[in-house]
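Examination of the molecular architecture
Residue strings, one per chain:
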Amino acid sequence: MTSLRPTVFVLFGATGDLAKRMVLPAFHTLAEEGLLPDRWMLVGNGRGDVAHDEFQRTVHEVLEGKPSRGFLSRLRFAGGGFNSDDPGSLLDVIAEARREVGKDADVVHYLAIPPVAFPEITRALGEHGLAEGARVVYEKPFGTSPAEFRKLDRLVHRVLDEDQVYRIDHFLGKEATQALHVMRFANEMIGAMWDRHHIESVQIDVPETLDVADRAGFYDATGATLDMLVTHLFQVAAEVAMEPPASLAATDLQSAREKVIRSFRPLDPAEVVLGQFEGYRDTDGIAKRSRTDTYVAARLWIDNPRWRGVPFLLRTGKRLARSAQRVSLILRTPDGPFRDLPPRGNVLSFSLSGDGEIDTSLLAKRPGVALDLEPASVSLPLGDLPGADPLPAYSRLIHDVLSGDRSLFTRPDGLAAAWKVVTPLLENRPRLATYPQESWGPARARKLAAPHGWLLGQ
């Protein structure tokens, strides 16, 4: 690892839900692990007139009393908002931080704000001279429709060069997501079967027990399709399906990932199920006649020689029976002397939760006189590997931003292709089905995974 340059980290939306749940804990983890620059300062930004020590106390509470006094002493707050007409106190506070950290410090702007605010903050960065040489992190979704994506992309590139832009998708920062291409490209016995001749189907399944109460306003304007499908699930599908990159350099990894997205067939609304959990409209902040989807299941096809004819089954939803983040490659039933082998006897699965885990299920002979086959499974928890030192996904990606590594961040060509894939669904939404809380979602989603069904739940 190379040493990191002095950095001023500017966190827009510093008192919001995303900053409290994800960004601040991830930043603190980096500090605890000794993975921040020797000289750094974090400047929170928001509309309120919050004193530095008050912001420090807030962060101390958010992080449940874990931060040291040394960590808190490096936190500042710039109130008064920030827009093209009025920078509030941000320019003065950044100047103060650079005097303490060093005039040569790198500047990272992290936009932990709703997507609707991205354009104005981007314009303001340019207007007030804060864009030059800076790195800017955009949360997802990058745009809320194909047209809004194109407008935002044009604006961002008027203000910033592409190599300054970090469009974050934390699923790409997960240890097990990265294990997908390591397992495939570093192990011939795995890589040799990674195609349509050996794989019957792929399931990317991210059910959640969580509701939306903590971010009702954002969620009701977004829904499962925009919040999860066009972002996380498409990116993980690309990670599974990409061709071998020329190298592990950032540009080659990104190119391989984005190229395969261009082979995704536009979604057929007849192969998509949208749902909304019962009681969703009773949540504070949700419109009483909301048609927002809290569940989406889709059958995705990839039109290239490696994957033609292999269904990728994508599913996610709120208030489901259990939480999981799992990618499963279901191998074809082999031809040979054995008859009536059970379906789905050979499955290679990657759990993306926590530190990650790789699971293999296969058929083995049960010891004894008879030739009886028995399903067996083997698990490899990645956190148990010798010397393992896993980082949470957000911590990993923030560290990559600090070091200037764009390998695990999305590019505009891939996002443009993803929006093209989902456009038929946005233009012709299927009828919304309600489903009971703590269930596995609308019953008609079972047909998408026919004949054998979903590995999780049904």
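1. Considering the sheet that holds strand S10 (residues 312-317)
Across the sheet, 9 strands lie side by side as S14-S13-S12-S11-S7-S10-S9-S8-S15; this open sheet has mixed pairing. Of all strands in the sheet, those bounded by a partner on one side alone are strand S14 (373-381) and strand S15 (433-435). Looking at each pair of strands side by side, their axes are set apart by 20 degrees on average, direction ignored. Sheet strands touched by helix H10 (residues 223-241): strand S7 (199-207), strand S8 (272-277), strand S9 (295-300), S10 and strand S11 (326-331). Its angle to S10, the strand with the most contacts, is close to 145 degrees.

2. Let's talk about empty space enclosed by the protein
The tally for this structure, following the rule as stated, stands at 1 cavity of 30 Å³ or more. Looking at the largest cavity, it is lined by 14 residues, and the ones nearest its centre are Lys140, Phe142, Thr231, Thr410 and Leu415. Every element with two or more residues in the lining of the largest cavity is listed here: H10 and helix H13 (412-427). The residue inventory of the lining of the largest cavity, partitioned by class, reads 7 nonpolar, 3 polar and 4 charged.

3. Things to note about the layout of surface pockets
Here the second largest pocket is characterised by a volume of approximately 310 Å³. Taken together, 15 residues line the second largest pocket, and the ones lying closest to its centre are Pro115, Val116, Pro119, Thr144 and Glu148. Here the lining of the second largest pocket takes 5 residues from helix H6 (residues 146-159), the largest share from any one element. Of the residues assigned to the lining of the second largest pocket, the class counts are 8 nonpolar, 3 polar and 4 charged.

4. Observations regarding the sheet that holds strand S6 (residues 165-167)
Across the sheet, which stays open at both edges, the 6 strands sit in the order S3-S2-S1-S4-S5-S6 with parallel pairing between neighbours. Pairing within the sheet leaves two strands with one partner each, and these edge strands are strand S3 (75-78) and S6. For this sheet, the mean inter-axis angle between neighbouring strands, taken without regard to orientation, is 20 degrees. Across 6 bridges, strand S1 (residues 7-12) lies against strand S4 (residues 106-111) in parallel orientation. Across the sheet, the residue bridging to Thr7 is Asp106, located in S4.

5. Topic: the packing of helix H7 (residues 175-186) against H10
Where H7 meets H10, the axes come as close as 9 Å, and the angle between the chain directions of the two elements is 10 degrees. Put simply, H7 runs roughly parallel to H10. Crossing geometry of H7 relative to H10 is assigned as right-handed. On the side of H7, the interface is formed by Thr177, Leu180, His181 and Arg184, while H10 contributes Glu239, Val240 and Ala241. A breakdown of the residues in the contact of H7 with H10 according to their chemical character gives 3 nonpolar, 2 polar and 2 charged.

6. A look at the pattern of salt bridges
Under the counting rule described, the total for this entry stands at 25 salt bridges. The salt bridge involving Asp303 is made with Arg265; its shortest N-O contact spans 2.9 Å. Of the two residues, Asp303 is situated in the loop between S9 and S10 and Arg265 in the loop between helix H11 (250-261) and S8; the sequence distance between them amounts to 38 residues. On the basis of relative accessibility, which here comes to 31%, the residue Asp303 falls in the partly exposed class. Residues joined by salt bridges that share partners form a network here, namely Arg5, Asp106 and Arg135.

7. Brief notes about the pairing of S10
In terms of burial, S10 is a largely internal element, 6 of the 6 residues being buried. Neither face of S10 is exposed, since Phe312, Leu314 and Thr316 on one face and Leu313, Arg315 and Gly317 on the opposite face are all buried. Alignment of S7 against S10, held across 6 bridges, turns out to be parallel. Counterpart to Val206 in the pairing with S10 is Thr316.

Thresholds, definitions, all that
- Residues numbered from 1 in each chain as written.
- Predicted model: local features only at pLDDT ≥ 70, side-chain atom pairs only at ≥ 80, totals over all residues.
- Heavy atoms only, no water.
- Pairing = 2+ DSSP bridges.
- Helix = DSSP H or I, 4+ residues; strand = E, 2+ residues; numbered from the N terminus.
- Axes fitted to C-alpha atoms, helices over the stretch in contact; angles between N-to-C directions.
- Contact = heavy atoms within 4.5 Å.
- 1 Å grid on protein atoms, 1.4 Å probe; cavity = no way out; pocket = protein on both sides within 12 Å on 5 of 7 lines; lining within 4 Å.
- Points joined across faces, edges and corners; volume = space filled by probe spheres on them.
- Nonpolar A, V, L, I, M, F, W, Y, C, P; charged D, E, K, R; others polar.
- Parallel < 35°, antiparallel > 145°, perpendicular 65-115°, else oblique.
- Left-handed = near helix turned anticlockwise from the far one by under 90°.
- Salt bridge = Lys/Arg side-chain N within 4 Å of Asp/Glu carboxyl O.
- Buried < 20%, exposed > 50% of the residue type's maximum accessible area, 1.4 Å probe, protein only.

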